[in-house]
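# A look at the structure
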Amino acid sequence: MLATMESTVPTHVGFIMDGNGRWAKKRGLPRAAGHIEGLKSLKRVIVSCRDHHIPFITLYVFSTENWKRSQQEVGYLMHLLACKLPGEINFFTQEHVRIRVRGDVAGLPEAVRKAIGETEEATKAETGITCCLAINYGGQDEIVRAANKAIASGRRSLSAEDIQGNLDLCDVPPVDMIVRSAGEHRLSNFLLWDSAYAELASYEKLWPDWGEREVEQLCEDYRGRTRKFGGLKG
Ligand code: FPP
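Let me begin by describing the structure that accompanies this report. Here the structure is a predicted model, which means the values were calculated and not measured.

### Description of the sheet that holds strand S2 (residues 56-63)
- The strand order S3-S4-S2-S1-S5-S6 describes an open sheet built from six strands, whose pairing is parallel. On the outer flanks of this sheet lie strand S3 (97-102) and strand S6 (199-202), each paired with one strand and no other. Direction aside, the axes of adjacent strands within the sheet are offset by 20° on average.
- In terms of strand pairing, strand S1 (residues 12-16) meets strand S5 (residues 177-180) through four bridges, oriented parallel. Within S5, the residue paired with Ile-16 across the bridge is Arg-180.
- In the packing of helix H5 (residues 110-123) onto the sheet, the strands contacted are S3 and strand S4 (129-137), and the crossing angle to S3 comes to about 145°.

Structure representation (C-alpha cells):
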C-alpha cells in the first residue's frame, strides 16, 4: 500500500518537535524525562517516514535560542546528544538512516561535536532516508552565515543563489512541509530560507506521543494540499 503513495509524498518534511516538557509535567516527571521520551518518538518517526518513502527529513533538536533555558536543561540536552548520537549508531545503520547535521556546530561543546562527527561518518553510506538534525540551529543565523561565506569567497553583492549555495546542507532539497507538534503555530526560526513555499501543519499531540499514525496523517494532509509556488493552480 505504501508504494502507491510514492509519487505524492513530500520529498522533505521538517519537524518542530514540541511538547516534551508538557508531556513530562502532565506525569509529574522532570523535563529530562520528556526529552528521553522525545528521542523514542523521534526514532519511531524516522522509521515511519522511511517506510512512507520520504527521502529527507529535518528534526529541530536544539535552536540558537534554546541556550536561554536553564543551565540544567541545556546541560542535559548536550549530554543526551553526546551520548545518544553515537549510542544509536547501530539503530541508524540497521534502519538505513543517514544522519546529517545542520546548524552552527562550531558553537557546540567538544563532546557533542565529536559525537556528531562520529555519527555522520558511521552513517554516510546509508540510503534508506536522510535525517538532518538541526542542532544549535537558527534560520536567521544560517542565512547570515551563508551570506558571510559568500562574501568571504569574494562576492560583493549577493543573489538568492549565493545564499542558497552557502546554506549548511545546500545539497538537501528545500522543505515541502513543516509540521509542529503540541498544537503550536509558530516557525520559531526554523528553516526560514527553505520554507519559502512550505506547506504548514500543526497537530495537537505532544511530541513524545508521535509515531506511525502521525506520519500517516501528515502524508494524508500533504496529499490534500495544492502547491502553486506563486503561480496559478494548474
Ligand atoms: C521541545 O519541547 C523539545 C526540545 C527543545 C528538545 C528536543 C530534543 C529531543 C527530542 C531529543 C533529541 C535527542 C537526540 C539524541 C537526537 P519543549 O521542551 O519545548 O516542550 P514544552 O514546550 O512542552 O516545554
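### Section: the side chain of Glu-199
- Mapped onto the elements, Glu-199 comes out in strand S6.
- Overall, Glu-199 belongs to the buried group, its relative accessible area being 15%.
- In this structure the side chain of Glu-199 is engaged in a polar contact, spanning 3.0 Å, whose partner is the side chain of Arg-225.
- Once you skip the residues sitting within four places of it in the chain, Glu-199 turns out to touch Asp-176, Met-177, Ile-178, Tyr-222, Arg-225, Thr-226 and Arg-227.

### A few points about the site of the ligand
- Close to the ligand lie 15 residues; Met-17, Asp-18, Arg-22, Arg-31 and Arg-69 are nearest.
- A distance of 3.0 Å separates an oxygen atom of the ligand from a polar backbone atom of Gly-21.
- Between the ligand and Arg-22, the relevant distance is 2.7 Å, taken from an oxygen atom to a main-chain nitrogen or oxygen of the residue.
- Isolated, the ligand exposes 630 Å² of accessible area, and the fraction of that covered by the protein chains is 91%.
- Of all the elements in the fold, those that place two or more residues in the shell around the ligand are helix H1 (20-26), helix H2 (31-51) and helix H3 (71-87).
- Sort the elements by how many residues they give to the shell around the ligand and H2 lands first, with four residues.
- Per-class residue counts for the shell around the ligand are four nonpolar, six polar and five charged.

### A look at the packing of H2 against H3
- H3 packs onto H2 with a crossing angle of 30° between their chain directions and a minimal axis gap of 10 Å. On the basis of their axis angle, the class for H2 and H3 is roughly parallel. With respect to the hand of their crossing, H2 and H3 are arranged in right-handed fashion. On the side of H2, the interface is formed by Arg-31, Ala-32, His-35, Ile-36 and Leu-39, while H3 contributes Glu-73, Tyr-76, Leu-77, Leu-80 and Lys-84.
- Of the residues belonging to the contact of H2 with H3, the class tally is six nonpolar, one polar and three charged.

Conventions we followed
Every residue gets a number counted from 1 within its own chain, in the order that chain's sequence is written. Where totals are concerned, whole chains, interfaces and linings use all residues; where local detail is concerned, this predicted model gives features only for residues with pLDDT of at least 70, and gives and counts side-chain atom pairs only at 80 or more. Water and hydrogen atoms play no part in the side-chain values, which are based on all heavy atoms of the structure. In short, DSSP must find at least two bridges between two strands for them to pair. Each helix corresponds to a stretch of at least 4 residues labelled H or I by DSSP, and each strand to a stretch of at least 2 residues labelled E; elements are numbered beginning at the N terminus. Axis geometry follows a simple rule: fit a line to the C-alpha atoms, using only the stretch in contact for helices, then measure angles between N-to-C directions, giving values from 0 to 180 degrees. In this analysis, two residues are considered to be in contact whenever any of their non-hydrogen atoms come within 4.5 Å of each other. Relative accessible area decides the class of each residue, using a 1.4 Å probe on protein chains only: under 20% of the type maximum gives buried, over 50% gives exposed, and in between gives partly exposed. As used in this structure description, the phrase polar contact means that two N or O atoms lie within 3.5 Å; if the pair is within protein, one of them must be able to donate a hydrogen and the other to accept it, and residues adjacent in sequence are counted only when both atoms belong to side chains. Any residue with a non-hydrogen atom lying within 4 Å of a molecule or strand is treated as near it. Accessible surface is estimated by sampling points in the Shrake-Rupley manner with a 1.4 Å probe; for residues, cover comes only from the protein chains shown. Only Asp, Glu, Lys and Arg are considered charged in this grouping, and only Ala, Val, Leu, Ile, Met, Phe, Trp, Tyr, Cys and Pro are considered nonpolar; every other residue, Gly among them, is considered polar. Roughly parallel refers to an angle under 35 degrees, roughly antiparallel to one over 145, roughly perpendicular to one between 65 and 115, and oblique to any angle outside these ranges. By the definition used in this description, the sense in which the near helix is turned from the far one sets the handedness, with an anticlockwise turn below a right angle giving left-handed and a clockwise turn giving right-handed.

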